[in-house]
Amino acid sequence: MKKINDVIYKTALNEMLELCKVPRCSNDTFPPKDEKSDNLRCVKKYLADKAKAYKAANISTDAVGNIWYDIPATKGFEKYKKLVIQGHMDMVWVAQKEANNWNKKTHPIIPIIEKINGREVMHTKDYLTALGADDSYALGLCLALTKHQKEFKHGLIRCLFTIDEEVGCNGAMHLGKLKNGKKNNPLDPEQGFNSLLNLDYVAEGDIIASSAGLSVTDFWINKIKSVPATGNLYQLTIDGGLGGHSGIVIDMGRASAIKLAAQAVKAIGGDARLSSWSTLHQERGIVHPDSRIKFTSSKKLKEVEEILANWFKDIKKQYPKEPNLKYELKQLGIEGRKVIADLRESKLLLDYVDNLWYGPVSHFMDDGFIESSANYGPVRLDLKAKTHQFRIYAFVRAAKNSLTALISNANERIFEKYIIDNFGNKNCKFNMFNYLRAFEYKPNNKLLKIASKAYDSIKIKSRITKAHGGLECSHLLTHNPDMDVISLGPKLDDEHTCVETLYLDTYKNFCAVILRIIETIGK
């Protein structure tokens, strides 16, 4: 068994490195306007071509671009139980300022492998971009299993690659829909698929038996009245935050640069009036590590600098786990600039953002699991566009569906209090456009015991737990409600950030665990 473990691991690792050359950031819109605007078109073709080259069977796709294929059962093992192994093909694109000129739709990731503190790890060169190991480690392992299918015994395995997990689980939500309106469900229970491994978690030994649901609400204001800017125009940039996957790091004391930008301008006070607001990273589902806000004030540069210096001392105390958090203040030319016409409306906008729910809301105190949490971003205020629009997204994750609705409704009440009641109903709107039910614990889930024994067999301690990851599980279950599902993965630190790091010893262990699950489940 050790020999095939090594072979699968080495091939999976090589496949990951090859995938770094293939652009695969999440789509900007769903569905994409056309093939050219589909950010995943290259990786879709790449995966389909690889599957064909490795002699996979029944290579299929649906109207939204999900891909699946079968690894036929070893001769004599056709009666083994069937298994689905699933991962998502998109990644969150995050880049440092030095990489701003890189086109996220075309530029490859540059990975390196080195030893840090005695452990072999993979990350990007100079930590300029995210690695995308979330979820290339799943794609790489599936391709390795396909390539070496004749070198180990197994029943029928279906590999499923979904699109756009990072921006709303659109692939899992629309799985199997065809252009003619019919369906070709790859999880059809009539085909005998009753077990699914979701390879999309980040802690070695954790077996995810339940994950939080999600709601996303889009808040916006149109036709904000503006006037030519007067006084002094300043640009405040807050960056250097650690950022990260909002559902996983939300209780780790990480700062939202969007919230800090609102607090900073409020600290300056007086007649400070907003001109524009944006984030470098437009991805949703992350703790935003940066924010840039432009505003006018009658206060001179030196006074503003003193106010911000004192404000930032308090912020550093508030966020001791953010060692690289910093800000930069510039005075800009005022010619041609616009600001929000009504000073009161400008202040209300800052109050609104500052009061949106952020961070952990409640915990299951017995095991530390975050029962519910809230986050928001990206943000945009544009007084140049015809719409004169402000827009922000708010996210709520909760283990109980009732809690998801409760916190989402609270955010809507905050919007009504600060915005609708003051800007007027006509130009203010919100829309909950994505709602995922929680993936709830199933006591008789046979995969829990099988996965625990697989970890035991390679002497890795495991635990059955709950998480804010594994979001696709709830949607996948809608296609086959009686299916046994778990989520698991190797140790991956700081996913959705430029310091994303995959620990290769745990990836090797993970490959061995999946092989043992395949072996056991068949029997």
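Residues numbered from 1 in each chain as written. Predicted model: local features only at pLDDT ≥ 70, side-chain atom pairs only at ≥ 80, totals over all residues. Heavy atoms only, no water.

J.: Could you give me a rundown of the overall build of the protein, with the residues and numbers involved?
T.: Scanning the protein from terminus to terminus reveals twelve helices and 23 strands. Over its C-alpha trace the protein gives a radius of gyration of 24 Å, about what one expects of a compact globule, namely 24 Å for 523 residues. Over its C-alpha atoms, taken along the principal directions, the protein stretches across nearly 80 × 50 × 50 Å. Residues classed as buried in the protein amount to 59% of the 523 residues present. Once local pairs closer than 6 in sequence are excluded, the contacts in the protein between residues at least 24 apart make up 79%. When the accessible surface of the protein is totalled, it reaches about 22,000 Å², and 51% of it is carbon and sulfur. The positive charge centre, built from 76 side chains, and the negative charge centre, built from 62, are 2 Å apart in the protein. (Helix = DSSP H or I, 4+ residues; strand = E, 2+ residues; numbered from the N terminus. Rg over C-alpha atoms; globule rule 2.2 N^0.38 Å. Buried < 20%, exposed > 50% of the residue type's maximum accessible area, 1.4 Å probe, protein only. Contact = heavy atoms within 4.5 Å. Areas by Shrake-Rupley, 256 points an atom, 1.4 Å probe, with all protein chains shown as cover. Lys, Arg positive; Asp, Glu negative; His and termini not counted. Charge placed at Lys NZ, Arg CZ, Asp CG, Glu CD.)

J.: Report on the packing of aromatic side chains, specifying residues and quantitative values.
T.: Going through the model one piece at a time under the given rule, you end up with 16 aromatic pairs. Seen from their ring centres, Tyr234 and Phe295 are 5.7 Å apart, and the 40° between their planes marks the pair as tilted. Linking Tyr234 in strand β11 (residues 232-239) with Phe295 in strand β13 (residues 291-297), this pair joins segments that are 61 residues apart in sequence. Per residue, the accessibility class of Tyr234 equals that of Phe295, and both read buried. Ring centres of Trp311 and Tyr327 lie 6.5 Å apart, and the angle between their planes is 70°; on these two criteria the pair is classed as edge-to-face. Highlighted residues: Trp311 in helix α7 (residues 301-318) and Tyr327 in strand β14 (residues 326-332), separated in sequence by 16 residues. A relative accessible area of 10% places Trp311 in the buried class. Assessed through its relative accessible area of 26%, Tyr327 is described here as partly exposed. Linked through ring pairs, Tyr9, Tyr137, Tyr507 and Phe510 together constitute an aromatic cluster. We note Lys82 situated over the ring of Phe193; from NZ or CZ to the ring centre the distance is 5.5 Å. The aromatic ring of Trp220 is capped on one face by Arg391, whose charged end is 5.3 Å from the ring centroid. (Phe/Tyr/Trp six-rings, centres within 6.5 Å; stacked < 30°, edge-to-face > 60°. Lys NZ or Arg CZ within 6 Å of the ring centre and 35° of its normal.)

J.: Talk me through the sheet that holds strand β23 (residues 501-503); I want residue IDs and the actual numbers.
T.: Backbone-to-backbone hydrogen bonds join strands into a sheet, with any given pair of strands oriented parallel or antiparallel. The sheet built from four strands is open, its strands ordered β4-β5-β23-β22 with antiparallel pairing. The open sheet terminates on both sides in strands that have one partner only, identified here as β4 (111-116) and β22 (492-493). Here β4 runs beside strand β5 (residues 119-124); their pairing, made up of six bridges, is antiparallel. Bridge pairing in β5 links Glu114 to Val121. (Pairing = 2+ DSSP bridges.)

J.: Please provide a residue-by-residue account of α7, values included.
T.: In an α-helix, one turn spans 3.6 residues; hence positions three or four apart end up facing the same way. Over its 18 residues, α7 runs 25 Å from end to end, which matches the ideal 26 Å to within 8%, given 1.5 Å per residue. If you check which residues of α7 are buried, you get Val304, Ile307, Leu308, Trp311, Phe312 and Ile315. Buried residues in α7, looked at end-on, bunch into an arc of 135°, giving them a common side. Turned more than 90 degrees away from the buried face of α7 sit Lys302, Lys313 and Lys317, all of them exposed. (Expected span 1.5 Å × (residues − 1). Arc of directions from axis to C-beta.)

J.: So what's going on with the environment of Leu187? Which residues, and what values?
T.: Residue position: Leu187 is located in the loop between α4 (170-173) and β7 (193-199). Spatially, the C-alpha atoms of Leu187 and Ile163 are 16 Å apart, while their sequence positions differ by 24 residues.

J.: Quick rundown of the pattern of salt bridges? Include the residues and the values.
T.: Think of it this way: side chains of opposite charge can pair up when their charged atoms draw near. Evaluation of the coordinates by the stated rule reveals 19 salt bridges. Between Asp505 and Arg119 there is a salt bridge, with the nearest N and O atoms lying 3.0 Å from each other. Within this pair, whereas Asp505 is found in helix α12 (residues 504-522), its partner Arg119 is found in strand β5, the two being separated by 386 residues in sequence. The salt bridge involving Arg463 is made with Asp206; its shortest N-O contact spans 2.8 Å. Here the residue Arg463 occupies a position in strand β20 (residues 463-467), and Asp206 occupies one in strand β8 (residues 206-211), the gap between them amounting to 257 residues. Judged by relative accessible area, which is 46%, Arg463 ranks as partly exposed. Among the charged side chains, a salt-bridge network with shared partners connects Lys259, Lys266, Asp351 and Asp354. (Salt bridge = Lys/Arg side-chain N within 4 Å of Asp/Glu carboxyl O.)

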